[in-house]
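# Notes for the structure review
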Amino acid sequence: PFENNFFDILVDREAMYCGTLDSIKQSWNEASRVLKSGGIVISFMYTTDHKWCQKANSSKEIATEIEKNTFTNFTEGNFKNTGIVHFSEYDELFIIFDFLDIKFINKHSNNTIFSDGAVDFSYDEWIIVGVKK
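Residues numbered from 1 in each chain as written. Predicted model: local features only at pLDDT ≥ 70, side-chain atom pairs only at ≥ 80, totals over all residues. Heavy atoms only, no water.

Our focus in this paragraph is helix α1 (residues 21–34). The first and last C-alpha atoms of α1 sit 20 Å apart over 14 residues, in line with the 20 Å expected at 1.5 Å per residue. Check the buried side of α1 and you find it contacts β1 (7–13), β2 (35–46), β5 (85–86), α3 (90–96) and β7 (123–132). (Helix = DSSP H or I, 4+ residues; strand = E, 2+ residues; numbered from the N terminus. Expected span 1.5 Å × (residues − 1). Contact = heavy atoms within 4.5 Å.)

This part takes up the sheet that holds strand β3 (residues 64–67). Strand order across the open sheet formed by 3 strands is β3-β4-β5, with antiparallel pairing between neighbours. The strands lining the two open edges of the sheet, one partner per strand, are β3 and β5. With 2 bridges joining them, strand β4 (residues 70–72) and β5 adopt antiparallel strand pairing. In the strand pairing of β5, phenylalanine 71 is matched with valine 85. (Pairing = 2+ DSSP bridges.)

This part is about the state of the cysteines. With the rule as written, the count across this model stands at 0 disulfides. A disulfide-free cysteine, cysteine 18 has its sulfur positioned 14 Å from the sulfur of cysteine 53, the nearest such atom. Note on cysteine 18: relative accessible area 39%, which makes it partly exposed. (Disulfide = S-S within 2.5 Å. Buried < 20%, exposed > 50% of the residue type's maximum accessible area, 1.4 Å probe, protein only.)

Once that is clear, we can look at the side chain of threonine 48. One can find threonine 48 in the loop between β2 and α2 (51–58). In this view, threonine 48 contacts Cys53, Gln54, Asn69, Phe87, Ser88 and Glu89; residues no more than four positions away in its chain are not counted.

Okay, here's the thing in structure tokens:
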């Protein structure tokens, strides 16, 4: 419901991974509409190196594949009861964020070394920062 060119900055802290690649692209197209020219995007998106992407790609019992690197119905782990989960490949970022002059992309990983078994905070993510063209 926002006007065109309304926001100076958009921050996505791992929300836009919930969907198919096409729906994620459509969401970012709408976000681009409301972002001012020269506005900043900071986005965190899960990578295909994420352990739950690796597990889902290697075992059909972990999740149901919708499309490449996109799953639903995780039976366990961080994404159980999440809905649709997409893990992005590096090259996809330039398609998703084609409206940006990307300033940098970081790959950030964290691996739980010890856990009592209740929680695992391991993840693998892209951090994308860009300016609207």
